[in-house]
Every structure is written in C-alpha cells, then in structure tokens.
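# Topology and contacts: notes
Letter by letter, the chains look like this.
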Amino acid sequence: MKKEERYGENNYKIEKAFIYVVLVLLAVTILVPVAWVFMASIKENSEFYGNPWSLPKGIHFKNFADAWATANMGEYMLNSVFVTALALVLLVVIALPASYVLARFQFKGRALWNTLFMAGLFINVNYIVVPIFLMLNDTDIYLRKHFGEPFFLNNLFIVALVYAATALPFTIYLLSGYFKSLARDYEEAAYVDGAGYFYTMIKVMIPMAKPSIITIILFNFLAFWNEYIISMTLLTKEELHTLPVGLMNLMAAQKSAVQYGQMYAGLVIVMLPTLILYMLVQNKLTQGMTLGGLKG
C-alpha cells in the first residue's frame, strides 16, 4: 500500500507540475504581446528599425497625442462609448426578464423559444451583416422616398440595437443557466410575503445573479468595444465611426510613411479600457463563469 500511495502521490505531483507549466506558457503567450505593444507605443519611430525587442530609449507620450489628433480618435472614442453603453443597457434590460422567465416558468411555447435562442448561438454575426445592411438600406430608401429623411443607416442607436440583438442568444443562455441553478425557496418566501412576480424578479432574483450579470457585461463589452465589421458597414459617415474603425483610419492616413509609435499608441488607446475593466471585475467574472450555464 505504501508503494501504491507513493506512486499515486508522485503522479499527482507530476500532473500538477505539468498543469503549472502549461499555465505559465499560456500566460507568457498572452502577456508578452500585450507588454510589447505598450513598450512599442512609447518608442520613437527610428527605434523600430533596429532591434524591435529593445527597450525604449525614452518615454515618448507624443505618440498618443499624435494618434489622438491624426485619426480623430477622441470623437471616435465618444462614439464607441455611446454605442457600447447603449447596447449593454438594451441587452441587460431585454435579456434579464427573458432569461428569468425561460428559466423559472413553464408556459406554452417555452421549448420553442429555448430552441430558437440556442440556435442563435451557432450564427456568426459576420455572416449576416450584408442581409442586415440590405434590410436597413431598403427601409431607408422607402423613408427617403415618402418622408424625405433616412433613419436606419448612419444611426448610432440602430448600431447599438443590432449589437444587443446579436448578443441575445449567448446572454440568455448564460443567464438562464444561472437562474436555473438557484433554489426556488427564495421565490416561495417572497410570494408568501405578498410579493408579485415582477417584484420578486427585481428585488430577489436579479440581485442574486450579480456574478453572472457582470460576466455577460464584460464579455459583451469586449465584443461591442472591439467590433469592426458592423460599425464599418452601417456607419458610413466619418464622424460616426467607432474606435476600431478610427484605428484603421490611422493606419491608412500614414500610407507609405509609417509611424509605428503612433500606430501602437492607437492600439493601446483601443485596448486599455478593456484591460482596466477586466482587472476590476476578474473575481466576479470567474465566479459567474463557474455558476452560469451549468444547467441547460
């Protein structure tokens, strides 16, 4: 028995060491590119023609000012903040009640709705951008013909609505899985105290779902903030572009005279909000991913 115990203990140590090695390698593959981008963003352009891995000779914050002014990224950032915030509000307002009802109540057509939302998980939004554009464009042609003004294209609210709609399947799947994991005792206690369905959802169940709500907010924030194809397709006016499109404009504006420091500074401007948000909510994110989506 002692030999078997030693053998099992040795195997456990080897497996644990292997897992740590894999995690360290994974962390390195993620951290090194991010650190390199930050380092490159404060270099002078001439430093890129030597050793690209060398440390910067100085801190050149002028790269950020140039990127901000050259690509008009200040205005694009405001557009991104507005679209992302509005899309998240619409998504949470729609998805929370829908997830709660689908998870906690039995009603006619429930299975059909669950199937439709599950099917939505397999639809890549990039494949339906053209049909969405054609549908909105045809509607704008009708509005322009009869009312003189288009509405659906070059409208930040419509882009936010499209973002929220395309994110509904994953969001409802995750939230409904979390709601299913909660005991019904909480609702029954609220009903005994005289609370109605809506009050119970708002005051009892939704506060308990905070970890899962934070998880879906973070995931969808990353998706909306970095989204490029829908924004580029539905927002053709330059003053309505979002940050990812602005970053591409920065690269296009330089043409042959590439300013690498400015480009990497623009990239830092785009990704910095996502890094800050992730660091602030990483504990809640882990908890939400553990508890949400367990029961389908």
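Conventions adopted
- Residues numbered from 1 in each chain as written.
- Predicted model: local features only at pLDDT ≥ 70, side-chain atom pairs only at ≥ 80, totals over all residues.
- Heavy atoms only, no water.
- Patch = residues over 30% accessible without salt bridge, like charges linked within 9 Å, V, L, I, M, F, W, Y side chains within 5 Å.
- Areas by Shrake-Rupley, 256 points an atom, 1.4 Å probe, with all protein chains shown as cover.
- Salt bridge = Lys/Arg side-chain N within 4 Å of Asp/Glu carboxyl O.
- Helix = DSSP H or I, 4+ residues; strand = E, 2+ residues; numbered from the N terminus.
- Buried < 20%, exposed > 50% of the residue type's maximum accessible area, 1.4 Å probe, protein only.
- Expected span 1.5 Å × (residues − 1).
- Contact = heavy atoms within 4.5 Å.
- Axes fitted to C-alpha atoms, helices over the stretch in contact; angles between N-to-C directions.
- Parallel < 35°, antiparallel > 145°, perpendicular 65-115°, else oblique.
- Left-handed = near helix turned anticlockwise from the far one by under 90°.
- Nonpolar A, V, L, I, M, F, W, Y, C, P; charged D, E, K, R; others polar.
- Phe/Tyr/Trp six-rings, centres within 6.5 Å; stacked < 30°, edge-to-face > 60°.
- Arc of directions from axis to C-beta.
- Core = buried A, V, L, I, M, F, W, Y, C linked by side-chain atoms within 4.5 Å.
- pLDDT = per-residue confidence, 0-100.

### Structural notes on a nonpolar patch on the surface
Nonpolar side chains collect at one region of the surface, where F18, I19, Y20, V22, L23, L26, I30 and L31 lie side by side and expose about 830 Å² of accessible area between them. For I30, the position within the fold is in helix α1 (residues 2-40). Note on I30: relative accessible area 48%, which makes it partly exposed.

### Remarks on helix α5 (residues 129-147)
Structurally, the α-helix is built with 3.6 residues per turn, so residues lying three or four positions apart point the same way. Over its 19 residues, α5 runs 26 Å from end to end, which matches the ideal 27 Å to within 8%, given 1.5 Å per residue. Packing partners of the buried residues in α5 comprise α6 (156-180) and α10 (229-234). A positive backbone phi angle near 90 degrees is found at G148, which sits one or two residues after α5.

### Section: the packing of α6 against helix α9 (residues 210-226)
At a closest axis distance of 10 Å, the pairing of α6 and α9 adopts a crossing angle of 155 degrees. Taken together, α6 and α9 sit at an angle that is classed as roughly antiparallel. As for how α6 packs across α9, the hand of that crossing is right-handed. Across from Y163, A164, A167, F170, T171, L174, L175 and Y178 in α6, the residues of α9 making contact are P211, S212, I213, T215, I216, F219, N220 and F224. Here the residues of the contact of α6 with α9 sort into twelve nonpolar, four polar and no charged.

### Observations regarding the packing of aromatic side chains
Within this structure, the stated rule accounts for eleven aromatic pairs. Ring centres of F61 and F64 lie 6.4 Å apart, and the angle between their planes is 40 degrees; on these two criteria the pair is classed as tilted. Classification of F61 by relative accessible area gives exposed; the value is 58%. Centre to centre, the rings of Y191 and Y197 are 5.4 Å apart; their planes meet at 85 degrees, and the pair counts as edge-to-face. Y191 sits in the partly exposed class, given a relative accessible area of 30%.

### Observations concerning the pattern of salt bridges
By the definition in use, this model includes three salt bridges. Across the pair D66 and K62 runs a salt bridge whose closest N-O atoms are separated by 3.0 Å. Here D66 and its partner K62 are both found in helix α2 (residues 62-70), four residues apart, which amounts to about one turn of the helix. The closest approach of N and O atoms between R184 and E187, which form a salt bridge, is 3.9 Å. Here R184 falls in the partly exposed class, since its relative accessible area comes to 41%. Within the structure, one salt-bridge network assembled from shared partners comprises R104, R184 and E187.

### Digging into helix α8 (residues 197-208)
With twelve residues, α8 should reach 16 Å at 1.5 Å per residue; the first-to-last C-alpha distance of 16 Å fits that figure. Looking only at α8, the buried set comprises T200, M201, M205 and I206. End-on, the buried residues of α8 take up no more than an arc of 140 degrees, which puts them together on one face. Those residues of α8 that are buried lie in contact with α3 (73-104), α6, α7 (185-192) and α9.

### A closer look at the nonpolar core
Membership of the largest hydrophobic core comes to 52 residues, with the highest contact counts inside it found for L91, Y163, L175, F179, F224, L234 and L243. Elements with a contribution of two residues or more to this core: α3, α5, α6, α8, α9, α10, α11 (243-254) and α12 (260-291). When residues of this core are assigned to their parent elements, the largest contribution, 14 residues, is made by α6. Residue contacts for F224: discarding those within four places in its chain leaves T84, A87, L88, L91, Y163, A164 and A167.

### Quick notes on the side chain of T84
In this structure, T84 sits in helix α3. Using a relative accessible area of 3% as the deciding quantity, one classes T84 as buried. With residues near it in sequence (within four places) discarded, T84 still touches F221, F224 and W225.

### Concerning the confidence of the model for the protein
Any segment with low pLDDT has predicted coordinates that should not be analysed in fine detail. Taken residue by residue, the protein gives an average pLDDT of 84. The fraction at 70 or more is 89%. Considering only residues more than four positions removed or in separate chains, one finds that residues 292-296, a stretch of pLDDT under 50, has ten contacts.

### Focus on unusual backbone geometry
It is generally the case that most residues other than glycine have a negative phi and that most peptide bonds are trans. We note that N154 has phi near 55 degrees; this positive angle belongs to a residue other than glycine. Here N154 is to be found in the loop between α5 and α6.

### Examining the side chain of T200
Examined against the element boundaries, T200 turns out to sit in helix α8. The exposure class assigned to T200 is buried, which follows from its relative accessible area of 0%. In contact with T200, not counting residues within four places along its chain, are Y100, E187, A190, Y191, A195 and M205.

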